[in-house]
Amino acid sequence: MITLHHCHEARSMRTLWLLHEMELDFDLKVYPFGRELRTPEYLSVHPLGRVPCLQDDGLILFETGAIAEYLVEKYPEKGLGRPPGDPERPHWLQWLHYAETVAVHGATLTQQHIVIYEDRDRSPLLMKLELRRLEKTLEVLDNHLSDGREYLLESGFSAIDTNMGYSVHISRFFTPLAAFPHLSAYYDRLSARPAFLKSLPEKPAIYHKPFYDLPPEPAG
C-alpha cells in the first residue's frame, strides 16, 4: 500500500497530484507545515523532516523527481512516463528535472516572503534577484510552449506536467503569469484537470495572499 506524507501547498503536492492522475489507491498523511515534521517519529521516515515522503511496501523515497520516475515505471500502463528507447525520453527527463530549477527560486521567495517573519531578517536584494531568476526560468517554458503544444511533450500530458505544473502554480504567487501568455494558457489547462483540483487544500496552508510583491525600495 502506498503512503504519502504531505503538507498542503508544499512540493508534495506534485506527488499527490500525480497519484490522483494515476488513479492509484493510497493512504494520505497530512501534516501542518512546521514543527510536526521534526518529530522523532517522522524523522525516522524522512531524515530531513520534509515532504514529500512516499512509502511503498517498505520502500521509502523522498525526492519528487525520483518518486515520479518510480511511479511511472511501476505503473507503465498509466501512460504517464516515457520509457528508455522512447524518442521523447530525453526530453521527459530534462523537463522532469527542470521543474526543480523553477521551484528552487519559488522556494527561496517563499522563505523570504512567508517563512521569515521579521522584516529586518528579509533581504530585498535577494528577493529581487530570485524573482528575476524565476522569471527567466518561466521565459524558457513560455518559449517552449509557443509552438501551440498543449503540454510539455508533443505526445501530450505526462508526469512531467504534474511536476512542472506545481512549480508554475507556486510561481504565480510572485510574478504575474500574464507576462508569459503561452505558459499562462498551459497553467489554465493544468489547473482545470480534476486531479489537480483534488490536490488543492480546502483553504490556504502556506500562501495566504493571492500575490506577494517585492517590498518598496528604501527612501533616499
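Anything mentioned here points back to the structure above.
First things first, this report covers the structure right here in the doc.

What follows deals with the pairing of strand β2 (residues 26–30). By the bridge criterion, five bridges tie strand β1 (residues 2–6) to β2 in an arrangement that is parallel. Bridging from a neighbouring strand, I2 pairs with F26 of β2. Remark: the β1/helix α1 (residues 12–22)/β2 crossover connection has right-handed handedness.

In this section: the sheet that holds β2. Pairing in this open sheet of four strands is mixed, and the strands run β2-β1-β3-β4 from one edge to the other. This sheet does not close on itself; its edge strands, each paired only once, are β2 and β4 (59–61). The mean inter-strand angle of the sheet, taken between neighbouring strand axes irrespective of direction, is 15°. Summarising the sheet, strand β3 (residues 53–56) and β4 pair through three bridges and their orientation is antiparallel. Looking at β4, one finds that D56 is bridged to L59. Contacts from α1 reach β1, β2 and β3, with the element oriented near 145° to β1. Sheet strands in contact with helix α3 (residues 64–74) are β1, β3 and β4, and its direction is about 30° off that of β3.

All right, on to the environment of E202 then. Mapped onto the elements, E202 comes out in the segment after α8 (194–198). The sequence separation of E202 and R35 amounts to 167 residues, and the corresponding C-alpha distance is 21 Å.

Burial analysis of β1 places five of its five residues in the buried class, which makes it a mostly covered element. Burial of β1 is two-sided: the residues I2, L4 and H6 facing one way and the residues T3 and H5 facing the other way are all buried. Relative to β3, β1 runs antiparallel, the two sharing four bridges. Counterpart to I2 in the pairing with β3 is D56.

This next bit is on helix α5 (residues 124–144). Spanning 21 residues, α5 covers 31 Å between terminal C-alpha atoms, matching the ideal 30 Å at 1.5 Å per step. Considered for burial, the residues of α5 that qualify are M127, E130, L131, L134, T137, L138, L141 and D142. Buried residues of α5, seen end-on, are gathered within an arc of 150° and therefore sit on one face of the element. Contacts made by the buried residues of α5 are with α4 (89–115), α6 (159–171) and α7 (181–191).

In this structure, L71, L141, M164, F174 and L183 are the most contacted members of the largest nonpolar core, which totals 63 residues. Counting residues per element, this core draws most heavily on α4, which supplies eight residues.

Turning our attention to unusual backbone geometry. The linkage connecting V51 with the following residue, P52, adopts the cis geometry, with an omega of 5°. Locating P52 in the fold gives a position in the loop between α2 (40–43) and β3. Located in the positive-phi region is E23, a residue other than glycine, with phi close to 55°. The residue E23 is located in the loop between α1 and β2 in this model. By relative accessible area, E23 is classed as exposed at 68%. We note that D57 has phi near 55°; this positive angle belongs to a residue other than glycine. Secondary-structure assignment places D57 in the loop between β3 and β4. Given a relative accessible area of 63%, D57 falls into the exposed group.

It is worth spelling out the state of the cysteines at this point. Each disulfide consists of one covalent bond between the sulfur atoms belonging to two cysteines. What the rule picks out here adds up to zero disulfides. Of all cysteine sulfurs in the structure, the one in C7 sits closest to C53, which takes part in no disulfide; the separation is 11 Å.

Quantified by volume, the largest pocket comes out at close to 1000 Å³. Listed by contribution, the elements that provide at least two residues to the lining of the largest pocket are α3, α4 and α6. Per-element accounting of the lining of the largest pocket gives the leading share, twelve residues, to α4. Broken down by class, the residue content of the lining of the largest pocket amounts to 20 nonpolar, 13 polar and eight charged.

The rules behind each value
- Residues numbered from 1 in each chain as written.
- Predicted model: local features only at pLDDT ≥ 70, side-chain atom pairs only at ≥ 80, totals over all residues.
- Heavy atoms only, no water.
- Pairing = 2+ DSSP bridges.
- Helix = DSSP H or I, 4+ residues; strand = E, 2+ residues; numbered from the N terminus.
- Right-handed = clockwise from strand over helix to strand, strands pointing away.
- Axes fitted to C-alpha atoms, helices over the stretch in contact; angles between N-to-C directions.
- Contact = heavy atoms within 4.5 Å.
- Buried < 20%, exposed > 50% of the residue type's maximum accessible area, 1.4 Å probe, protein only.
- Expected span 1.5 Å × (residues − 1).
- Arc of directions from axis to C-beta.
- Core = buried A, V, L, I, M, F, W, Y, C linked by side-chain atoms within 4.5 Å.
- Disulfide = S-S within 2.5 Å.
- 1 Å grid on protein atoms, 1.4 Å probe; cavity = no way out; pocket = protein on both sides within 12 Å on 5 of 7 lines; lining within 4 Å.
- Points joined across faces, edges and corners; volume = space filled by probe spheres on them.
- Nonpolar A, V, L, I, M, F, W, Y, C, P; charged D, E, K, R; others polar.

Fair warning: the whole summary comes from geometry, so function is off the table for now.
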